[in-house]
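# Working through the structure, step by step
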Amino acid sequence: MKDNFGRIHIFEVKSVNQSREQNVDREAYENKIAELRKCYKQASKLTEQIFYLPIIDKDRWHIDCYEKGEKDTLTKDQFIEKLKKK
């Protein structure tokens, strides 16, 4: 997604929340997420793109945000405000 300030935001939307319907090896799943976090952190250092891993827990969103090699965890409201500010 490109915002009004020209920043590019990239979201992982399928892999972070483990499906209840699919039988997935928990350790392999957690390793995948850990590697994805490393990848997004490094990619955010090398590019001007902002990467997100949205995680829902009991109807509450926690959004890991990777920007300029740094990780921040945002709520849904903080994420919306971030998009509004340059």
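Structure shown above.
What comes next is a walk through the structure. (Residues numbered from 1 in each chain as written. Predicted model: local features only at pLDDT ≥ 70, side-chain atom pairs only at ≥ 80, totals over all residues. Heavy atoms only, no water.)

## Considering the pattern of salt bridges
The criterion, for reference: Any Lys or Arg side-chain nitrogen found within 4 Å of a carboxyl oxygen on Asp or Glu counts as a salt bridge. A run of H or I in DSSP becomes a helix once it reaches four residues, and a run of E becomes a strand once it reaches two; helices and strands are each numbered from the N terminus. Whether a residue is buried, partly exposed or exposed follows from its accessible area with a 1.4 Å probe, protein chains only, as a fraction of its type maximum: under 20%, in between, or over 50%, in that order.
One pass over the full model with this rule turns up seven salt bridges. K38 is the salt-bridge partner of E35, the closest N and O atoms lying 3.1 Å from each other. Of the two residues, E35 and K38 both sit in helix α1 (residues 26-46), three residues apart, roughly one turn of that helix. Residue E67 is joined to K82 by a salt bridge in which the shortest nitrogen-to-oxygen separation is 2.6 Å. Residue E67 is found in strand β3 (residues 60-67), and its partner K82 is found in helix α2 (residues 76-84); the two are separated by 15 residues along the sequence. For E67, a relative accessible area of 24% puts it in the partly exposed group. Through salt bridges with shared partners, one network takes in R37, D64 and K71.

## Structural notes on the packing of aromatic side chains
The criterion, for reference: Note on aromatic pairs: the rings of Phe, Tyr and Trp (six-membered ring only in Trp) are paired at centre separations within 6.5 Å, and the planes decide the class, stacked below 30 degrees, edge-to-face beyond 60, tilted for the rest.
A full pass over the atoms with the stated rule returns five aromatic pairs. Summarising the aromatic geometry, the rings of F11 and Y52 are spaced 4.8 Å apart at their centres and angled 15 degrees between planes, so their arrangement reads as stacked. You can see F11 sitting in strand β1 (residues 9-11) and its partner Y52 sitting in strand β2 (residues 50-57), a full 41 residues away along the chain. Between F11 and F79 the ring centres are 5.8 Å apart and the planes differ by 85 degrees, which places this aromatic pair in the edge-to-face class. Taken together, the residues span a long stretch of sequence, with F11 in strand β1 and F79 in helix α2 at a distance of 68 residues. With a relative accessible area of 31%, F11 lands in the partly exposed category. Among the aromatic side chains, those forming a connected cluster through ring pairs are F11, Y52 and F79.

## Digging into the layout of surface pockets
Applicable threshold: Buriedness for pockets is judged along seven lines, at least five of which must meet protein on both sides within 12 Å for an open set on the 1 Å grid over protein atoms alone, while cavities are sets there where a 1.4 Å probe fits but cannot get out, and lining residues have an atom within 4 Å of a point. Grid points are joined across faces, edges and corners, and a volume is the space filled by probe spheres set on the points. In this count, Pro and Cys sit with the nonpolar residues alongside Ala, Val, Leu, Ile, Met, Phe, Trp and Tyr, while Asp, Glu, Lys and Arg are called charged and the others, Gly among them, polar.
The computed volume of the largest pocket comes to approximately 150 Å³. Lining the largest pocket are G6, R7, I8, S44, T47, E48, Q49, I50, E67 and K68. Its residues assigned to classes, the lining of the largest pocket comprises two nonpolar, four polar and four charged.

## A closer look at the environment of I63
Threshold: It only takes one pair of heavy atoms within 4.5 Å for two residues to be counted as in contact.
In this fold, I63 is placed in strand β3. The spatial distance from the C-alpha of I63 to the C-alpha of Q78 is 9.2 Å, given a sequence separation of 15 residues. Non-local contacts of I63, meaning those with residues more than four positions away in its chain, are made with Y52, L53, P54, D72, T73, L74, T75, K76 and F79.

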